[in-house]
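# Examination of the molecular architecture
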Amino acid sequence: MAVPLDADLSALSLELLPTDPLLLILSFLDYRDLTSCCYLSRRLNQLSNHEPLWRRHCKKYWLISEEKKRQRNQSWKAIFISTYRDLGRYIQYYATLKKAWDDLEKYLGQRCPRMIGSLKGSVREEDLDAVEAQIGCKLPEDYRCSFRIHNGQKLVVPGLMGSMALSNHYRSEDLLDIDTAAGGFQQRLGLKQCLPLTFCIHTGLSQYMALESVEGRNKYEIFYQCPDQMARDPSAIDMFITGTSYLEWFTSYVNKVVTGGYPIIRDQIFRYVHDKECVATTGDITVSVSTSFLPELSSVHPPHYFFTYRIRIEMSKDALPDKACQLDSRYWRIINAKGDVEEVQGPGVVGEFPIISPGRVYEYTSCTTFSTTSGYMEGYYTFRCLYYKEKFFNVTIPRFHMVCPTFKVSTARMVSGDFWSWTQSGCVLCQETSRSEYAVDEGEDSTDTDEYEERRRVLDIPAPSGRCPRHT
């Protein structure tokens, strides 16, 4: 529609604009404003029904693909409206959570197919409403939204939320369905108004979400419970924080999984974190390290922080055959947050003396504890050449740091007048006491525990005991 040159510009209105510029303007509107345009005039009503406008919103908010659109045999606007009627209250969360679930399913389908079979379908709004009535608390919208996509998983092994295995300790956390979670809702002191999100059938370990800001917790904070072993009050429960909201907790975990941040070992997700800088190459041999904190074997009071680490030793496939060698011994320097140094030297690893040759990989896991919230280890392996039996050489083990997650002490302990303070990292630390007072490992602060190492080949599920391998 052309505008006459002698037209009164003050009389121009939006409707006098040509169709293409108007459609361009409408394409910048959100779904609310686009809907409002339907009621302004007949022309805007016609233009606001333009299919590409609603296709953009369907893809942005509901992740509707062209294929799904063809299957539904509806217009883009009709699809948007019908989906909004069902899921509109979750529109700010749905796309993020749906993408996380889709990415996770695609990734697991290729690497852990049996885990896909444990996932449950979506729940209905009335089911979520019934749970709220049952527990007497409102569920956060992002949590409800996720369960409209998948209702957690069956109580099976392996668990969707990750595994960990040591010589006689095994953990695998399932993402609880809504009914099981509601059955575990807590009202007791120390865990008042806390809903379990995960559960390990071997250890009884759960991650909880606080549904109200009580007992020193923030609303919707997610944590591992840690009973205060030094308090007489059973309600004295410290917290290892794992998330500030369900959305952040779930999507950050999924991102770690689908980007390869957590290794897949025998169809299970292992929550080892690998720092890209924790790699050292000596000649043809590369050593890399990943670590993990184990809350179920740790405590704040007394200070006892349990870590496991996974080491990969690999010889380059381009190395000459005469570079083949055998690991003879190991040497460690173990330093805690106070700067205390411990040195450990011993034969082999895992009680074995692995042979490394071109293209071969050897992996094992081990564990250590600290009485401080952080520490690091470094050292070297000594290898003996197979072709030149009198020749020995050292291979560097890169320095790797272990840091316990942010935690909070229980309100019961704080009220009792015990000394506590916030560190720069955000962790709450108790008053430092001597090792002899808090002796949990016969006076040792941190120890290389090779006697509990395991190679990757034995990372199958051991008989559950729930006991720390350090204490056997």
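Residues numbered from 1 in each chain as written. Predicted model: local features only at pLDDT ≥ 70, side-chain atom pairs only at ≥ 80, totals over all residues. Heavy atoms only, no water.

### Some points on the overall build of the protein
Keep this limit in mind: Every helix listed is a DSSP run of H or I at least four residues long, and every strand listed is a run of E at least two residues long, numbered separately from the N terminus. Under the scheme applied here, a residue whose accessible area is under 20% of the maximum for its type counts as buried, over 50% as exposed, and between as partly exposed, the area being computed with a 1.4 Å probe on protein chains only. Whether two residues are in contact is decided by their heavy atoms: any pair within 4.5 Å suffices. Areas reported here follow the Shrake-Rupley algorithm with a probe of radius 1.4 Å; residue values treat only the protein chains shown as occluding.
Looking only at helices and strands, one finds 13 helices and 23 strands in the protein. Looking at the protein as a whole, 50% of its 472 residues are labelled buried. Within the protein, contacts between residues separated by at least 24 positions form 63% of all contacts whose residues are at least 6 apart in sequence. When the accessible surface of the protein is totalled, it reaches about 22,200 Å², and 51% of it is carbon and sulfur.

### Examining the confidence of the model for the protein
For clarity, the cut-off: Every residue is assigned a pLDDT by the predictor, reflecting its confidence on a scale from 0 to 100.
Averaged over all residues, the pLDDT of the protein equals 86, while 84% of them reach at least 70. Below pLDDT 50 for its whole length, residues 417-444 participates in 46 contacts with residues either more than four positions away or in separate chains. A low-confidence stretch, residues 451-472 stays under pLDDT 50, and its non-local contacts, those more than four residues away or across chains, total 73 contacts.

### Considerations on the sheet that holds strand β7 (residues 222-227)
As a reminder of what qualifies: Note on pairing: DSSP must find at least two bridges between two strands before they are called paired. Comment: axis = line fitted to C-alpha atoms, over the contacting stretch for helices; angle = value between 0 and 180 degrees taken between N-to-C directions.
With antiparallel pairing, five strands are arranged side by side in an open sheet as β4-β6-β7-β8-β20. A single partner strand is all that each edge strand has here, and the edge strands are β4 (194-196) and β20 (407-408). Relative to β20, strand β8 (residues 237-243) is paired through two bridges, and the arrangement is antiparallel. Note that in β20 the partner of Phe 240 across the bridge is Phe 407. Relative to the sheet, helix α12 (residues 246-258) contacts β6 (207-210), β7 and β8, its axis offset from that of β8 by approximately 60°.

### Comments concerning the environment of Lys 154
The topology assignment puts Lys 154 in the loop between α10 (141-149) and β1 (163-166). For the pair Lys 154 and Gly 117, spaced 37 residues apart in sequence, the C-alpha separation works out to 8.9 Å. The contacts of Lys 154, once residues within four sequence positions are left out, are Gly 117, Ser 118, Lys 120 and Asp 174.

### Looking at the packing of helix α4 (residues 51-62) against helix α6 (residues 76-87)
When two helices pack together, their arrangement is given by the angle between their axes and by how far apart the axes lie. For the record, the criterion: Crossing handedness follows the turn of the near helix against the far one: under a right angle anticlockwise gives a left-handed crossing, and clockwise gives a right-handed one. Each residue gets one of three labels, nonpolar for Ala, Val, Leu, Ile, Met, Phe, Trp, Tyr, Cys and Pro, charged for Asp, Glu, Lys and Arg, and polar for the others, Gly among them.
Packing of α4 against α6 brings their axes to within 8 Å, and their N-to-C directions diverge by 35°. Judged by the sense of rotation from one axis to the other, the crossing of α4 with α6 is left-handed. Of α6, the residues touching α4 (which contributes Glu 51, Trp 54, Arg 55, His 57, Cys 58, Lys 59, Tyr 61 and Trp 62) are Trp 76, Lys 77, Ile 79, Phe 80, Thr 83, Tyr 84 and Leu 87. Classifying every residue of the contact of α4 with α6 by side-chain character gives nine nonpolar, two polar and four charged.

### What to know about the pattern of salt bridges
The condition is simple: Whenever Lys or Arg places a side-chain nitrogen within 4 Å of a carboxyl oxygen from Asp or Glu, that contact is recorded as a salt bridge.
Taken as a whole, this structure holds 29 salt bridges when the rule is applied. Between Arg 148 and Glu 125 there is a salt bridge; the shortest N-O distance is 3.0 Å. Of this pair, Arg 148 sits in helix α10 while Glu 125 sits in helix α9 (residues 125-135), placing them 23 residues apart in sequence. For the residue pair Arg 148 and Glu 125, the accessibility class agrees, reading buried in each case. For Glu 363, the salt bridge identified is with Arg 310, shortest N-O distance 3.0 Å.

### Details of the pairing of strand β14 (residues 325-336)
For β14, the tally of buried residues reaches ten of twelve residues, placing the bulk of the element in the interior. Relative to strand β16 (residues 355-356), β14 is paired through two bridges, and the arrangement is antiparallel. Each bridged residue has a counterpart across the sheet, and for Gln 326 the counterpart in β16 is Ile 355. For β14 and strand β18 (residues 374-385), the ladder comprises eleven bridges, and the chain directions are antiparallel. By the bridge assignment, Cys 325 is partnered in β18 with Cys 385. Note that β14 and strand β15 (residues 341-347) share seven bridges and pair antiparallel. What sits directly across from Ile 334, in β15, is Glu 342.

### Some words on the nonpolar core
One recurring pattern in soluble globular proteins: nonpolar side chains tend to sit buried together. Here is the rule we go by: The set of buried Ala, Val, Leu, Ile, Met, Phe, Trp, Tyr and Cys residues whose side-chain atoms join them within 4.5 Å is what this entry labels a nonpolar core. Where each domain starts and ends comes from a domain assignment, either automatic or drawn from a database.
Within the largest apolar cluster, 62 residues are counted, with the highest numbers of intra-cluster contacts made by Leu 139, Tyr 143, Leu 160, Tyr 246 and Phe 250. The element best represented in this core is helix α7 (residues 94-111), accounting for seven residues. Residues lining this core come from more than one domain, with at least three contributed by each of domain 1 (20-88) and domain 2 (93-259). For Tyr 246, the contacting residues outside a window of four places in its chain are Asp 142, Tyr 143, Ser 146, Phe 147, Leu 175, Leu 197, Met 209 and Ile 222. Membership of the second largest hydrophobic core comes to 39 residues, among which are Leu 205, Leu 327, Ile 356 and Tyr 364.

### A closer look at the state of the cysteines
Going by this rule: Any cysteine sulfur atom paired with another within 2.5 Å is treated as part of a disulfide.
Counting across every chain of the model gives zero disulfides. There is no disulfide at Cys 137, and the cysteine sulfur nearest it, in Cys 194, is 9.4 Å away. By relative accessible area, Cys 194 is classed as buried at 0%.

### Some points on α12
An α-helical turn contains 3.6 residues, so a residue and the one three or four places further along point in the same direction. As a reminder, the rule being used: Take the residue count of a helix, subtract one, and multiply by 1.5 Å to get its expected span. The arc in question is the one spanned by the directions pointing from the helix axis to the C-beta atoms.
For α12, built from 13 residues, the straight-helix expectation of 18 Å at 1.5 Å per residue is met to within 8% by its first-to-last C-alpha distance of 18 Å. If you check which residues of α12 are buried, you get Tyr 246, Trp 249, Phe 250, Tyr 253, Val 254 and Val 257. End-on view of α12: buried residues confined to an arc of 115°, all on one side of the axis. Of the residues flanking the end of α12, it is Gly 260, one or two places downstream, whose phi is positive at about 80°.

### Details of the packing of aromatic side chains
As a reminder, the rule being used: By convention, a stacked pair of Phe, Tyr or Trp rings (six-membered ring in the case of Trp) has centres within 6.5 Å and planes under 30 degrees apart, an edge-to-face pair has planes over 60 apart, and any other such pair is tilted.
Here the structure, examined in full by the defined rule, presents 27 aromatic pairs. Pairing Phe 383 with Phe 393 gives two aromatic rings, centres 5.9 Å apart and planes at 20°, and the pair type is stacked. Remark: Phe 393 occurs in strand β19 (residues 392-403) and Phe 383 occurs in strand β18; sequence separation between them is ten residues. The class for Phe 383 is buried, based on a relative accessible area of 0%. In this structure Phe 393 comes out as partly exposed when scored by relative accessible area, which is 25%.

### Considerations on the environment of Ile 116
In this fold, Ile 116 is placed in helix α8 (residues 113-116). Overall, Ile 116 belongs to the partly exposed group, its relative accessible area being 25%. C-alpha of Ile 116 to C-alpha of Leu 104: the two residues are twelve residues apart in sequence and 9.4 Å apart in space. Residues in contact with Ile 116, not counting those within four places in the same chain, are Glu 105, Leu 108 and Gly 109.

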